Amino acid sequence: MITNLPLKIKKLARELEAFDSPDFDFLKKTIAKTEFSGKELDHLASFNHPSDQSYGRHLLYESRRLKIFLMCWAPGDFTAIHDHGQTQWGCVVAFGNFTHRVYSLEDSRLKLKSVDPFGEGQVACLTGDLIHMMGNAGDNNIMSLHIYGSDSNNKSLAKRSRVYFPEKRKVITTNGPAFLNCPEDTILEQEYFDSVDKDLLLDYLNLIKLRSEKTLTGYPVRSN
Ligand SMILES: [Fe+2]
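Residues numbered from 1 in each chain as written. Predicted model: local features only at pLDDT ≥ 70, side-chain atom pairs only at ≥ 80, totals over all residues. Heavy atoms only, no water.

### A few points about unusual backbone geometry
Argument step 1. A positive phi angle is found at Glu35, which is not glycine, with a value near 55 degrees.
Argument step 2. Along the polypeptide, Glu35 turns up in the loop between helix H2 (24–34) and strand S1 (56–62).
Argument step 3. Classification of Glu35 as exposed rests on a relative accessible area of 60%.
Argument step 4. Despite not being glycine, Ser108 shows a phi value in the positive range, around 65 degrees.
Argument step 5. Take Ser108: it is sitting in the loop between strand S5 (99–106) and strand S6 (109–114). (Helix = DSSP H or I, 4+ residues; strand = E, 2+ residues; numbered from the N terminus. Buried < 20%, exposed > 50% of the residue type's maximum accessible area, 1.4 Å probe, protein only.)

### Focus: the side chain of Asp83
Argument step 1. As for its placement among the helices and strands, Asp83 is situated in the loop between strand S3 (81–82) and strand S4 (89–95).
Argument step 2. One polar contact links the side chain of Asp83 to the main-chain amide nitrogen of Gly85, over a distance of 3.2 Å.
Argument step 3. At 2.6 Å, the side chain of Asp83 and the backbone nitrogen of Arg162 are in polar contact.
Argument step 4. Among all residues touching Asp83, those that are not within four sequence positions of it are Gly128, Leu130, Ile131, Ser161 and Arg162. (Polar contact = N/O pair within 3.5 Å; in protein donor to acceptor, adjacent residues only side chain to side chain. Contact = heavy atoms within 4.5 Å.)

### Here's the deal with the pattern of salt bridges
Argument step 1. Applying the stated rule across the entire model yields eleven salt bridges.
Argument step 2. Linking Lys39 and Asp42 is a salt bridge whose minimum nitrogen-to-oxygen distance equals 3.9 Å.
Argument step 3. Overall, the relative accessible area of 68% leaves Lys39 in the exposed class.
Argument step 4. A salt bridge links Glu191 to Arg162; its shortest N-O distance comes to 3.4 Å. Remark: Arg162 occurs in strand S10 (residues 161–165) and Glu191 occurs in strand S12 (residues 187–192); sequence separation between them is 29 residues. (Salt bridge = Lys/Arg side-chain N within 4 Å of Asp/Glu carboxyl O.)

### Looking at the coordination of the iron ion
Argument step 1. In the first shell of the iron ion, the protein supplies His82 (NE2), His84 (NE2) and His132 (NE2), at 2.1 Å from the metal.
Argument step 2. Within one chain, the residues donating to the iron ion are spaced in sequence as H-x1-H-x47-H. With a gap of 48 residues between them, His84 in the loop between S3 and S4 and His132 in strand S8 (residues 131–135) connect regions that are remote in the sequence. (Donors = N, O, S within 2.8 Å, 3.2 Å for Na, K, Ca; no water.)

### Section: the packing of aromatic side chains
Argument step 1. Under the definition given, this model contains seven aromatic pairs.
Argument step 2. When the centroid spacing of 5.8 Å and the interplanar angle of 80 degrees are considered together, the rings of Phe69 and Tyr148 count as edge-to-face. Taken together, the positions of Phe69 in strand S2 (residues 66–73) and Tyr148 in strand S9 (residues 142–149) put the pair 79 residues apart, joining distant regions of the chain.
Argument step 3. Look at Phe98 and Phe118: their rings are 6.0 Å apart centre to centre, the planes differ by 40 degrees, and that puts the pair in the tilted class. With Phe98 in the loop between S4 and S5 and Phe118 in the loop between S6 and strand S7 (123–125), this residue pair connects regions lying 20 residues apart in the sequence.
Argument step 4. Residue Phe118 is classed as buried on the basis of its relative accessible area, which comes to 3%.
Argument step 5. A connected cluster of aromatic rings, assembled from ring pairs, spans Tyr55, Trp73, Phe98, Phe118 and Phe179.
Argument step 6. Positioned over the ring face of Phe165 is Lys168, at 5.5 Å from the centre of the ring. (Phe/Tyr/Trp six-rings, centres within 6.5 Å; stacked < 30°, edge-to-face > 60°. Lys NZ or Arg CZ within 6 Å of the ring centre and 35° of its normal.)

Set out below in structure tokens:
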């Protein structure tokens, strides 16, 4: 955790700590009131994470009920498809233009629900059951601020998230990050599903292609 946090992040954490189970409206208003910009977090950013970590993850603040991360995305960086486990409330603030997919589970089958872009300054609601994938398909480094909260005494914050690997028909449960190549030692459980939605799979392969090219060559390869 970072000790010399910007004052605005300290203020944000203080306000969130003082309010039980904040809803999305409260989170959006509190973030708007704090008035911070990506520029004010630039000095905390680092984009040279190891290539087996599919995006950069920096813990800014942590308490029993609240975690705040700054995520750093170099071109080609993507999460895997994941939910947020035992997170009860939270949100993501975009500092840059993200590629974003939202999924749903219908009769235990994963479906692509929306391909809405997630752009500069937007705030997205985050709860444990949100299944999504986000990343940087652009040419410049971008950042996002992630807030995860839980007010339940019997649920550890942000634990037991599920990460989906449609190309392997596999879903794992982990307390770790949603990297595309999830470290084996972070896997708590894994299971396999019978079939994969074709549209979802093609879309997913297209996205992770950018990441695979980066892992192999050090940078994403463009077709034009
Ligand atoms: Fe997420």
